[in-house]
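Residue-level structure breakdown
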Amino acid sequence: MAKWVYTFGDGKAEGSADLRNLLGGKGAGLAEMAGLGLPVPPGFTITTEVCAYFYANSQSYPTDLEAQVKAALGHIARIVGKNFGDRENPLLVSVRSGGRASMPGMMDTVLNLGLNDETVEALAKKSGDRRFAYDSYRRFITMYANVVLGIDHHHFEEILDDHKDRSGYSLDTEVTADEWVKLVQLYKERVQEEHGQPFPQDPQQQLWGAIGAVFGSWMNARAKTYRRLHNIPESWGTAVNVQAMVFGNMGDTSATGVAFTRNPSTGERSLYGEFLINAQGEDVVAGIRTPQEITEAARKEAGSTNPSLERLLPDAFAELVRIYQVLERHYRDMQDLEFTIEQGKLWMLQTRSGKRTAKAALRIAVELASEGLISKEEAVTRIEPASLDQLLHPTIDPKAERKVIATGLPASPGAASGEIVFTSDDAATRKAEGRKVILVRVETSPEDIHGMHAAEGILTTRGGMTSHAAVVARGMGKPCVSGAGAIRVDPVKRIMTAGGLTLKEGDLLTIDGSTGQVLAGRIAMIEPELSDEFGTLMGWADAVRRLGVRANADTPNDARVALKFGAEGIGLCRTEHMFFDENRIQAVREMILAGEEKSRRAALAKLLPMQRADFVELFEIMQGRPVTIRLLDPPLHEFLPHGEEEIAEVAAAMGADPKKLAARAQELQEFNPMLGFRGCRIAIAYPEIAEMQARAIFEAAVEAGRRTGKPVVPEVMVPLIATRAEFDLVKEHIDAMAEAVQKETGQKIAYQVGTMIELPRAALMAGEIAQAAEFFSFGTNDLTQTTWGISRDDAATFLDTYTARGILPGDPFISIDRQGVGELMRIGVERGRKTRPDLKVGICGEHGGDPASVAFCHEVALDYVSCSPFRVPIARLAAAQAALGKTAAGQA
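Presented here is a report on the structure given in the accompanying data block.

Some words on the pairing of strand β22 (residues 495–498)
- Only one face of β22 is covered, namely the one carrying Met496 and Ala498; the face carrying Ile495 and Thr497 has none of its residues buried.
- Note: strand β21 (residues 488–490) against β22, three bridges, orientation antiparallel. Counterpart to Val489 in the pairing with β22 is Met496.
- Between the antiparallel neighbours β21 and β22 lie four residues, among them Arg494 with a positive phi of about 60°.
- Here β22 hands over to strand β23 (residues 501–504) after two residues, with Gly499 in that stretch at a positive phi of 55°.

Right, dumping it as structure tokens:
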């Protein structure tokens, strides 16, 4: 018989942390804590395999599941001495989701399950606290109605808010027992109105309704969006955790909270978190009440007058400190904990590796290695390469004038400016229009995931450091300020007021997620300073990686940034970008308009000193490191004006006939220019262009070598080669220029001539091309286009549909398509090196900065990857992880 259910509790567990894929992260953590003898309410986990069965069998369950669940309920009953559904001493349970990858707030939870009109009275009698019993019942009705019956929270919030307003209450805790009894009746009446049936009274019906809802929530819209954004496979499914309730809402010696064993924003080694007295778990993250700090040190730092957990419940606090130290040593990582204190007794409800900012992740990994808990190599694998992006973005210039209109909590570091929007849909719409926005909400919920993804930053007026907005923003690497209570938001009128100022939708706002400040207008930003931990960890990464890492750099600034981030050379310098400078474009146009070679050469002679100066500066900056320069690649019509008005303007500036200019522009127009007259085809038709560029490169190499004292070995790259004959023709002109410059300068020039492999035919003919080419660089942007027959500029119209329907696992322009494009790369490498064993091979498409693609490049034994300067650290770390055998999927 298949085992669908695993129990835990009373110091024992059928599962363990090793069964994460089967039990989900929450279930595995509960089992592990129980096995360690920590105080965990007993319960059981229904495995992820049941979720897979559920969706494969028309949302039905295995026939033997019901019996296993019944037996597991008996297991809980024996430990706690209560029975599920009992009218005198009822067992109440929580039902929670728990996939193998953490998805905070994305799926559904039900607390206090098992309450009905009879058991609530039994709970009141047994606890001696009627208010607590009916508070728990109203919470259960609200959650169950929402999660299982699909009735929105606002129906119940409206009833409660009306009552509080009439009674002059500001907090739920002020509502009396008799008032909760009446409110529960109103809640049940609202369920009858909205659902058409009474609120279910049978605990078994309640339980199976909640189990079905948790499995159903795996496929809800917000969970799907989260999985897409975080590359979590749909096939993983979720587990369901059913656990005996412990109550944080049993008065002033009860509490509930969330804690991290280290600060998730900074990585500082100190207990960090929040709690609420007389509350249940959802209250802490929902932002309904402002949470309090766990430690006295954190309370003082926050300037709060509310007492800390350390002061209020010192025995429970001491036990929490003991347990967090046990768990961090056991898991050898920072842990995210959920706990409840029931009448002074601490209970652990969750442990998992905590989500953290990139800054915190670096510090935690380096310090754990320094503390001897993990090795340097393991520290390298602990950082998600793409997360380093968070460290490489601007922060507010300390010299800039700050018009602070409010201050909230520094929930996720970094700064961002943008137009104010009040809804997630508006955020997504404006992002699609290319506008930067700040999402301003009273509080966020899982339904806001698409808007948070679209926004530059998030601002909420409610919620703490562990609110939904804070946790999700940190995971996304977005700046976030939460709990800015001085701000009033009117989402209907689309305005916000703060500090005597009213701002409307579309006005500019800046948030500083590192300080919690909210500022009017757009504030000047500066480049980030990388921490000592960054340098330490990247040093460890560089020590183990085999792949070289270069940068795609077309300007001196690009080159300087690339060196700052650890690039070992330039893997792609696109010379055409230099031609668009306003001081040069006229000479370029003269060259294109020229009717014969003599006139073309005259125009090119004007460009030569400009190109040479560009290359001298790049070579000087790179100080003898390799620099790969690609000859002119784009179609010539890109340099010409379009439209009568622009043509007339350019013709006047050039002293040219506008009709001639228009005719030439028309002559160069193509139906499909990316497959037309470009790349080596231009160099073959107009060899004088390649000659000018080659001369500029070689003269610059001599000059830069003389100035720096370091020999320059330029790598000249011919684009869009399909045959060896093409390559030979262009190389002949390059070699002639090298020989000429050597004679003129008396200097010997070491150089290499290679090609981009960006056509399928070039990959297939790599063996032949390598007879003449000294290096290959895969231009995977074009290779992907030409392999798939997809224009990357137009692919957005259908690629989302393809990935949603499972035709493609992801966008092939972001991560290399291993089966197609990747296979062509394998063929190119193997055939090229069979001809020329020392053939140097790299990649210079945007894939060079994608961690999964870097792992593939390591696998096929490329020599280096080249990417945009800001992605160099990502590539360095990804290359190290590939060498250490870590999969590119990253850490869960």
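Some points on the pattern of salt bridges
- Scanning the entire structure with this criterion turns up 60 salt bridges.
- In this structure, Arg190 engages Glu193 in a salt bridge whose closest nitrogen and oxygen atoms are separated by 3.6 Å. Residue Arg190 and its partner Glu193 are located together in helix α7 (residues 177–195), separated by three residues, close to a single helical turn.
- On the accessibility criterion, Arg190 (17% relative accessible area) is buried.
- Between Glu715 and Arg550 there is a salt bridge, with the nearest N and O atoms lying 3.0 Å from each other. On the criterion of sequence distance, the pair formed by Glu715 in strand β30 (residues 714–718) and Arg550 in strand β27 (residues 548–552) is long-range, its members being 165 residues apart.

Topic: the packing of helix α19 (residues 532–544) against helix α35 (residues 872–883)
- Where α19 meets α35, the closest approach of the two axes is 8 Å, and the angle between their N-to-C directions is 50°. Considered as vectors, α19 and α35 are oriented oblique to each other. Of the two elements, α19 crosses α35, and the hand of that crossing is left-handed. Facing Phe534, Leu537, Met538, Ala541, Asp542 and Val544 of α19, the residues of α35 in contact are Pro873, Arg876, Leu877, Ala880 and Ala883.
- Looking at the contact of α19 with α35 residue by residue, the classes come out as nine nonpolar, no polar and two charged.

Conventions adopted
- Residues numbered from 1 in each chain as written.
- Predicted model: local features only at pLDDT ≥ 70, side-chain atom pairs only at ≥ 80, totals over all residues.
- Heavy atoms only, no water.
- Buried < 20%, exposed > 50% of the residue type's maximum accessible area, 1.4 Å probe, protein only.
- Helix = DSSP H or I, 4+ residues; strand = E, 2+ residues; numbered from the N terminus.
- Pairing = 2+ DSSP bridges.
- Salt bridge = Lys/Arg side-chain N within 4 Å of Asp/Glu carboxyl O.
- Axes fitted to C-alpha atoms, helices over the stretch in contact; angles between N-to-C directions.
- Parallel < 35°, antiparallel > 145°, perpendicular 65-115°, else oblique.
- Left-handed = near helix turned anticlockwise from the far one by under 90°.
- Contact = heavy atoms within 4.5 Å.
- Nonpolar A, V, L, I, M, F, W, Y, C, P; charged D, E, K, R; others polar.

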